[in-house]
Amino acid sequence: MKIPEDIKVASFFGSNLLKNHVPAISSIEFNTLELGMTAAKVILDMIDGIEAPHKTMLGYNVVLR
């Protein structure tokens, strides 16, 4: 098999290291600070006995390369 002709490569997290990688790697970019703050709030709410949402959607961008 040949990359990228037969297989595309993707990453869950986009970083500066992927921008010029050969073969090109598509990725999902999101705000890691917002992700951490949201996760911490959910954990603290659960400790306080507040029911946590089953799903929380945050913003993201799909970068196709």
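Residues numbered from 1 in each chain as written. Predicted model: local features only at pLDDT ≥ 70, side-chain atom pairs only at ≥ 80, totals over all residues. Heavy atoms only, no water.

Q: Could you give an account of the overall build of the protein chain, naming the residues involved and the relevant values?
A: Within the protein chain, the secondary structure is distributed over one helix and three strands. The N-to-C order of helical and strand elements in the protein chain reads β-β-α-β. A compact globule built from 65 residues would reach a C-alpha radius of gyration of about 11 Å, whereas the protein chain, at 17 Å, exceeds it by more than 25%. Overall, the C-alpha framework of the protein chain stretches about 50 × 20 × 15 Å when taken along its three principal axes. Here the protein chain, with 65 residues, has 12% of them falling under the buried criterion. Within the protein chain, counting contacts between residues at least 6 apart in sequence, those at least 24 apart form 40% of the total. (Helix = DSSP H or I, 4+ residues; strand = E, 2+ residues; numbered from the N terminus. Rg over C-alpha atoms; globule rule 2.2 N^0.38 Å. Buried < 20%, exposed > 50% of the residue type's maximum accessible area, 1.4 Å probe, protein only. Contact = heavy atoms within 4.5 Å.)

Q: An account of a nonpolar patch on the surface is requested, with residue identities and associated values reported.
A: Nonpolar side chains collect at one region of the surface, where Met57, Tyr60, Val62 and Leu64 lie side by side and expose about 510 Å² of accessible area between them. Counting through the fold element by element, methionine 57 comes out in the loop between α1 (32-47) and β3 (61-63). (Patch = residues over 30% accessible without salt bridge, like charges linked within 9 Å, V, L, I, M, F, W, Y side chains within 5 Å. Areas by Shrake-Rupley, 256 points an atom, 1.4 Å probe, with all protein chains shown as cover. Salt bridge = Lys/Arg side-chain N within 4 Å of Asp/Glu carboxyl O.)

Q: Lay out the environment of methionine 57 in plain terms, naming residues and giving numbers.
A: With a relative accessible area of 62%, methionine 57 lands in the exposed category. Along the backbone, methionine 57 and threonine 38 are 19 residues apart, and their C-alpha atoms lie at a distance of 10 Å.

Q: Can you tell me about α1, naming the residues and giving the values?
A: Compared with an ideal rise of 1.5 Å per residue, which puts 16 residues at 22 Å, α1 spans 23 Å between its outermost C-alpha atoms and is within 8% of the ideal. Structurally, the start of α1 carries an N-cap: the backbone nitrogen of leucine 33 is 2.9 Å from a side-chain oxygen of asparagine 31. Looking one or two residues past α1, glycine 49 carries a phi angle of roughly 85°, positive in sign. (Expected span 1.5 Å × (residues − 1). Polar contact = N/O pair within 3.5 Å; in protein donor to acceptor, adjacent residues only side chain to side chain.)

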